[in-house]
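Architecture and fold: a report
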Amino acid sequence: MPQEFDAVDLIRRKRDGGELTTPEIDWLVARYTDGYVGDEQMAAMAMAILLNGMRRREIHDLTQAMIASGERMDFSALSKPTTDKHSTGGVGDKITLPLMPLVASFGVAVPQLSGRGLGHTGGTLDKLESIVGWRAELSNDEIMRQLEDVGGVICAAGAGLAPADKKLYALRDITGTVEAIPLIASSIMSKKIAEGTGALVLDVKYGSGSFMGDIERSRELARTMVDLGTDAGVNVSALLTAMDSPLGLTIGNANEVRESLEVLAGGGPADVVQLTVALAREMLELAGVHDADVEAHLRGGQAMDVWRRFVEAQGGDPDAALPTPRESLEVRAEADGVLTRQDAYRFGLAAWRLGAGRARAQDPVVHSAGIDLAVKPGDEVRRGDLLWTLHAEDAARFDRALEALDGAAEFAAPGTAVELPPLVAGRVGADD
Ligand code: URA
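Below, the structure is looked at part by part.

In this section: the nonpolar core. The tendency in soluble globular proteins is for nonpolar side chains to be buried as a group. Formed by 72 residues in total, the largest nonpolar core has its most connected members in Trp307, Phe310, Ile371, Trp388 and Leu390. At eight residues, helix α12 (residues 270–286) tops the list of elements feeding residues into this core. Two domains share this core, each providing at least three of its residues, namely domain 1 (83–159 + 195–320 + 425–429) and domain 2 (327–412). Ignoring anything within four residues of it in the chain, the contact list for tryptophan 388 reads Leu329, Glu330, Val331, Gln342, Phe347, Ile371, Asp372, Leu373, Val375, Leu405 and Ala409. Ile25, Leu113, Ile181 and Ile193 belong to the second largest nonpolar core, which has 59 residues in total.

Following this line, the structure appears as structure tokens:
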């Protein structure tokens, strides 16, 4: 019989700034998962961790205990190395869509086990479900076969991976304890280590549309996750990337798929291309493919070929028309000026209110809903120029979306020079 502990003792110790031992953390996670430790006790513990932090050894133990709560995938039978990417979430962040086929076109396997959107950030699976027939649920056998044949999958992470994290994450969401670095890092890395990828690049966002507002907190989160992955034998690095403004020119689902197809065809907005290329290089380097000319595979169609095979393998028709919105509303500039800021959080909220996101996990999303941006920070506009087009199935949604956008964009006098934050502001590697 493994040693038993008293949850109240452990909560008190963390409340007073003390450390938990490895057997204590193992016990807490196992007994929370089986329901013996109650939600109210775990909520108190999460708050104590948020306020007092954890040492590197404790975060490592927490991550390992959450991995041990479920199954682990094993890709060692594949004939090629595996490499994956995880983003901490942003507005207009469709990068996985062009990135997976681009990286897979170099002969490495990309097992992208993804989630759905909740709140103001979109979910990769929701976006892909805009494609007629495409299905997110794959069995483990189907994942292995597709990785071997096509080179990449994007599918729902099975319920068996890190179930302790699922329970704890839902609790943190309703107890104001999401923003604790030890909890975010162990949550993300437990799923990624259980997934079994050999290499992993973390896209850690900073700015208004991310949950780590400032870059120093994002760097700390990145450092913590890179250390966790390295300790677990994964080749891992992180890029710190800006999320002050939405990425690209689309926020939603079907419109983000359309923009991803532009990137795969060798075009698309400069920031989406830049980030896709930077992450692809990083993923390939970690998987042992050095100095790959990734832009050539966008221009040359190799990435698009993988995309088409991936969509077909998961039941979709790559040539089918994407859903179009029933109602659209144009918003135009009221005066001449230079756009200095488009607040990512507010735009994400507006797209969500148009129906592109969900408020509860069981709600459906409206695939045609969202926002198309006609301008980016730094652009000059003249009075009457188109700024944004809002899309919804029901025109009654426009008022609440416009409320979210009120004050979300800032303008300066015509001719003002605008200094934009760097899209890729830093890198954290295992040896830094
Ligand atoms: N994403 C996760 O999976 N976990 C967190 O804690 C935060 C973001």
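Resuming the write-up.
Right, let's talk about the pairing of strand β5 (residues 235–242) for a bit. β5 sits mainly inside the fold: seven of its eight residues count as buried. Taking the sense of rotation as the criterion, the β-α-β connection linking strand β4 (residues 199–206), helix α10 (residues 215–231) and β5 turns out right-handed. Direction of pairing for β5 relative to strand β13 (residues 424–428): antiparallel, over a ladder of four bridges. The partner of leucine 240 across the bridge, within β13, is glycine 426.

Moving on, we get to the packing of helix α1 (residues 7–15) against helix α3 (residues 39–52). For any two helices packed against each other, the geometry comes down to the angle between their axes and how far apart the axes lie. Where α1 contacts α3, the two axes come as close as 8 Å, and the packing angle between them is 20°. Looking at the two axes, α1 sits roughly parallel to α3. As for how α1 packs across α3, the hand of that crossing is left-handed. Contacts between α1 and α3 involve Ala7, Val8, Leu10, Ile11, Lys14 and Arg15 from the former and Gln41, Ala44, Met45, Ala48, Ile49 and Asn52 from the latter. Grouping the constituent residues of the contact of α1 with α3 by class yields eight nonpolar, two polar and two charged.

What follows deals with the site of the ligand. All residues in the neighbourhood of the ligand are listed as Tyr169, Arg172, Ile184, Ser187, Ile188, Lys191 and Phe211. Arginine 172 is positioned such that a nitrogen or oxygen atom in its side chain is 2.9 Å from an oxygen atom of the ligand. Taken by itself the ligand offers 240 Å² of open surface, and the protein chains cover 88% of this. The element best represented in the shell around the ligand is helix α9 (residues 181–195), accounting for four residues. Taken together, the residues that form the shell around the ligand break down as four nonpolar, one polar and two charged.

What counts, and where the lines are drawn
- Residues numbered from 1 in each chain as written.
- Predicted model: local features only at pLDDT ≥ 70, side-chain atom pairs only at ≥ 80, totals over all residues.
- Heavy atoms only, no water.
- Core = buried A, V, L, I, M, F, W, Y, C linked by side-chain atoms within 4.5 Å.
- Buried < 20%, exposed > 50% of the residue type's maximum accessible area, 1.4 Å probe, protein only.
- Helix = DSSP H or I, 4+ residues; strand = E, 2+ residues; numbered from the N terminus.
- Domains from an automatic or database assignment.
- Contact = heavy atoms within 4.5 Å.
- Right-handed = clockwise from strand over helix to strand, strands pointing away.
- Pairing = 2+ DSSP bridges.
- Axes fitted to C-alpha atoms, helices over the stretch in contact; angles between N-to-C directions.
- Parallel < 35°, antiparallel > 145°, perpendicular 65-115°, else oblique.
- Left-handed = near helix turned anticlockwise from the far one by under 90°.
- Nonpolar A, V, L, I, M, F, W, Y, C, P; charged D, E, K, R; others polar.
- Near = heavy atom within 4 Å.
- Polar contact = N/O pair within 3.5 Å; in protein donor to acceptor, adjacent residues only side chain to side chain.
- Areas by Shrake-Rupley, 256 points an atom, 1.4 Å probe, with all protein chains shown as cover.

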